[in-house]
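# Descriptive structure summary
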Amino acid sequence: MQRRTLALSTLAFSLSLATASAFAQTKWDLAAAYPATNFHSVNIQQFADDVDKATAGKLKITVHANASLFKAPEIKRAVQGGQAQAGEIIFANFQNEWQIYGADGLPFLADSYDESNKLYKAQKPLIEKKLAEQGMRLLYAVAWPPQGIYTKKPLTSAADLKGVKWRAYSPATSRIAELVGAQPVTVQAAELSQALATGVVESTMTSGATGVDSKLYENLKYYYDTQAWLPKNAVLVNKEAFDKLDKPTQDAVLKAAADAEVRGLAASKKVNVDTLEKLKANGMQVVTPSPQLKADLKKVGDTMLKEWLDKAGPEGQALLDAFKKS
């Protein structure tokens with residue numbers, strides 16, 4: 001009788017362990033850089049919710065928006081080192097680390113959603129290989145709306161930017177400032193409103209979406225719709241953390257990521273239209289650049305492309321060739 005009781009107890013214990021193992025919950029932190037209301041953040045939260053639903057709660061992803069877990073420049077390293085299992089970065093911020101990351105931040109190289117998508121297809125295999133070497137994996141990427149110039153004073157040419165305190169957030173935006181004679185000041189999106197209110201910066205080049213998020217219309221009067229480039233935000237995952245998941249959970253993450261990429265692109269296009277209308281509604285003048293300003297900025301783009309190719313070497317030329325053929 002004792003043997004039978006012991007056997008039953010052992011069986012029950014084994015079954016409870018198996019059940020606990022089968023329903024063991026994995027928790028991830030995902031560090032994001034933009035406000036919770038930003039379309040990228042909303043999309044990331046939907047991605048996390050989709051994973052939760054598809055895995056029946058087996059994988060829980062907590063999204064930390066508005067740089068609340070790590071500041072934007074720190075997120076990539078945090079994911080790489082495993083301090084956060086996943087994170088959102090903007091590729092162009094890491095051009096100094098590897099030039100290919102900055103390809104979608106080059107002015108006027110890819111200046112529409114269609115061109116941006118072509119560039120991403122050429123860029124993606126190279127980026128996936130590099131991230132794998134760095135212990136990470138690309139889940140998905142979504143383009144920002146096209147970038148324009150915000151100013152306090154009207155612009156007729158690039159000469160009007162001379163001496164202006166220009167908010168920079170990437171190597172490319174710093175270089176644009178240098179080429180037009182502005183003063184680059186590095187300010188991340190989460191600190192932009194305060195920097196404008198205190199006079200630390202008085203001009204910036206960013207999207208309509210960031211313009212609305214940061215209420216740029218409270219301090220700046222003009223938005224020049226230059227459609228200069230469409231930088232991409234990417235959601236990365238620590239490779240070791242991903243590899244620890246079982247196959248069904250991995251598949252659920254990848255499916256949710258693929259859906260997020262499609263959904264994010266549609267949201268970006270809608271946001272581009274909606275935010276320009278919101279800027280106007282709040283008193284900002286949305287202006288088509290003058291022929292002179294366009295010509296000046298084209299020269300800046302040509303210079304930066306040449307400089308980028310000199311640094312990127314054969315790898316950069318191969319990317320450019322693949323982009324042009326697509």
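Whatever comes next refers back to the structure up there.
A short tour of the structure in this document, coming up. No experiment lies behind these values; they were computed from the predicted model shown.

Here is what the cut-offs are and how they apply
Residues numbered from 1 in each chain as written. Predicted model: local features only at pLDDT ≥ 70, side-chain atom pairs only at ≥ 80, totals over all residues. Heavy atoms only, no water. Salt bridge = Lys/Arg side-chain N within 4 Å of Asp/Glu carboxyl O. Helix = DSSP H or I, 4+ residues; strand = E, 2+ residues; numbered from the N terminus. Buried < 20%, exposed > 50% of the residue type's maximum accessible area, 1.4 Å probe, protein only. Pairing = 2+ DSSP bridges. Axes fitted to C-alpha atoms, helices over the stretch in contact; angles between N-to-C directions. Contact = heavy atoms within 4.5 Å.

Tallied over the full model, the rule gives 18 salt bridges. In this structure, arginine 263 and aspartate 50 form a salt bridge, with 3.5 Å as the shortest nitrogen-oxygen distance. Pair noted here: arginine 263 is in helix H9 (residues 247-281) and aspartate 50 is in helix H2 (residues 39-54), with a separation of 213 residues, a long-range link. On the basis of relative accessibility, which here comes to 21%, the residue aspartate 50 falls in the partly exposed class. Overlapping salt bridges bring together Lys129, Lys130 and Glu133 as one network.

A few words on the sheet that holds strand E6 (residues 165-168). Note: strands within a sheet are paired through backbone hydrogen bonds, in either parallel or antiparallel orientation. Spatially, the six strands line up as an open sheet ordered E7-E6-E8-E5-E9-E11, and their pairing is mixed. On the outer flanks of this sheet lie strand E7 (183-186) and strand E11 (285-287), each paired with one strand and no other. Averaged over all neighbouring strand pairs, the angle between strand axes comes to 30°, with direction disregarded. Two elements, strand E5 (residues 147-151) and strand E8 (residues 203-207), share five bridges in a ladder whose sense is antiparallel. Pairing of tyrosine 150 across the sheet is with threonine 204, part of E8. Strand contacts of helix H5 (residues 171-180): E6, E7 and E8, with the helix running at about 160° to E6, the strand carrying the most contacts. Each of E5, strand E9 (222-224) and E11 is contacted by H9, which is oriented at about 130° to E11, the strand it contacts most.

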